[in-house]
Amino acid sequence: AQKVTQAQTEISVVEKEDVTLDCVYETRDTTYYLFWYKQPPSGELVFLIRRNSFDEQNEISGRYSWNFQKSTSSFNFTITASQVVDSAVYFCALSEDGSSNTGKLIFGQGTTLQVKP
Amino acid sequence: DTAVSQTPKYLVTQMGNDKSIKCEQNLGHDTMYWYKQDSKKFLKIMFSYNNKELIINETVPNRFSPKSPDKAHLNLHINSLELGDSAVYFCASSQGLRVFGSQYFGPGTRLLVL
């Protein structure tokens, strides 16, 4: 069964601290995609990154970086030098690309990040 | 230009009423989705359409009826609204049924049933 677990419900940091948001997934498929979305207080869902299961290279985009490890079924997200504008709910999601793929995203429960000035 | 738009943004209504939420995307995508986000922020797929054909129906009560008049639109009609229907409903779109393209979400419709 597909499942995404974000064990951290809420995280609070002070500005300029680094913070890592954990994501652990379960899937039987060998081909799948992992995503991170940001939901700021205004409520919209903002796409951050998509990763396929064959690409375990870590990715960096500005202050954001992602660590994908198939061995531990984890796709963690790190924000370096956090800023108040990073305060949001962050969702990790999984989609499988098997023969029965329907394109649906399975979301984790979300992690609420609060960055204090 | 808004890529995925939803109307209305807010919807407050009485129990038992029927209401519709509209979604339009101008990204040229052929697949559209409805997700529901409950009060605990949990997001769950409800429906998806690919080229106007229903692909996913995730055990949603039949009071919910999606309609896709064309690839760029996916509307959600809800009959006999119940208190538990209060949530944020997100529309999304992507290119292709298989997830080669990422899903882009609309701004959400906040539904409150009184």
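Residues numbered from 1 in each chain as written. Chains lettered and ligands numbered in written order. Predicted model: local features only at pLDDT ≥ 70, side-chain atom pairs only at ≥ 80, totals over all residues. Heavy atoms only, no water.

1. Regarding the overall build of chain A
When helices and strands are counted, chain A shows 0 helices and 12 strands. Traced from its N-terminal end to its C-terminal end, chain A shows the element sequence β-β-β-β-β-β-β-β-β-β-β-β. Against the compact-globule benchmark of 13 Å for 117 residues, chain A has a radius of gyration of 14 Å, which places it among compact chains. Along the longest, intermediate and shortest principal axes, the C-alpha atoms of chain A span 50 × 30 × 20 Å. Within chain A, the fraction of its 117 residues that count as buried is 50%. For chain A, the exposed area adds up to about 5500 Å²; of that, 47% sits on carbon and sulfur atoms. Distance between charge centres in chain A, computed from 10 positive and 14 negative side chains, equals 2 Å. (Helix = DSSP H or I, 4+ residues; strand = E, 2+ residues; numbered from the N terminus. Rg over C-alpha atoms; globule rule 2.2 N^0.38 Å. Buried < 20%, exposed > 50% of the residue type's maximum accessible area, 1.4 Å probe, protein only. Areas by Shrake-Rupley, 256 points an atom, 1.4 Å probe, with all protein chains shown as cover. Lys, Arg positive; Asp, Glu negative; His and termini not counted. Charge placed at Lys NZ, Arg CZ, Asp CG, Glu CD.)

2. A short note on the state of the cysteines
Residue and element names in this part refer to chain A. Under the counting rule described, the total for this entry stands at 2 disulfides over all chains. Sulfur-sulfur distance for the disulfide between Cys23 and Cys92 comes to 1.9 Å. Here Cys23 and Cys92 share a disulfide; its torsion about the S-S bond, -65°, makes the bridge left-handed. With Cys23 in the loop between strand 3 (19-21) and strand 4 (24-26) and Cys92 in strand 10 (residues 88-96), the pair connects residues that are 69 residues apart, well separated along the chain. (Disulfide = S-S within 2.5 Å.)

3. A few points about a nonpolar patch on the surface
Together, Val12, Leu112 and Leu114 of chain B give the surface a local cluster of nonpolar side chains, amounting to about 270 Å² of exposed area. Of note, Leu112 of chain B is situated in strand 11 (residues 109-113). (Patch = residues over 30% accessible without salt bridge, like charges linked within 9 Å, V, L, I, M, F, W, Y side chains within 5 Å. Salt bridge = Lys/Arg side-chain N within 4 Å of Asp/Glu carboxyl O.)

4. A few points about the side chain of Gln8 of chain A
All names here are of chain A. Topologically, Gln8 is positioned in the loop between strand 1 (3-5) and strand 2 (10-14). In terms of polar contacts, Gln8 uses its side chain to reach the backbone amide nitrogen of Asp22, at 2.7 Å. Sequence-distant contacts of Gln8, defined by excluding residues within four places in its chain, comprise Thr20, Leu21, Asp22, Gly110 and Thr111. (Polar contact = N/O pair within 3.5 Å; in protein donor to acceptor, adjacent residues only side chain to side chain. Contact = heavy atoms within 4.5 Å.)

5. Some thoughts on the nonpolar core
Core analysis: the biggest nonpolar cluster contains 25 residues, and Trp36, Trp66, Phe77, Tyr90 and Leu113 of chain A have the highest contact counts within it. Residues in contact with Phe77 of chain A, not counting those within four places in the same chain, are Val19, Thr20, Leu21, Trp36, Leu48, Tyr64, Ser65, Trp66 and Tyr90 of chain A. If you look at the next biggest cluster of nonpolar residues, it comprises 20 residues, including Val4, Met32, Met46 and Ala87 of chain B. (Core = buried A, V, L, I, M, F, W, Y, C linked by side-chain atoms within 4.5 Å.)

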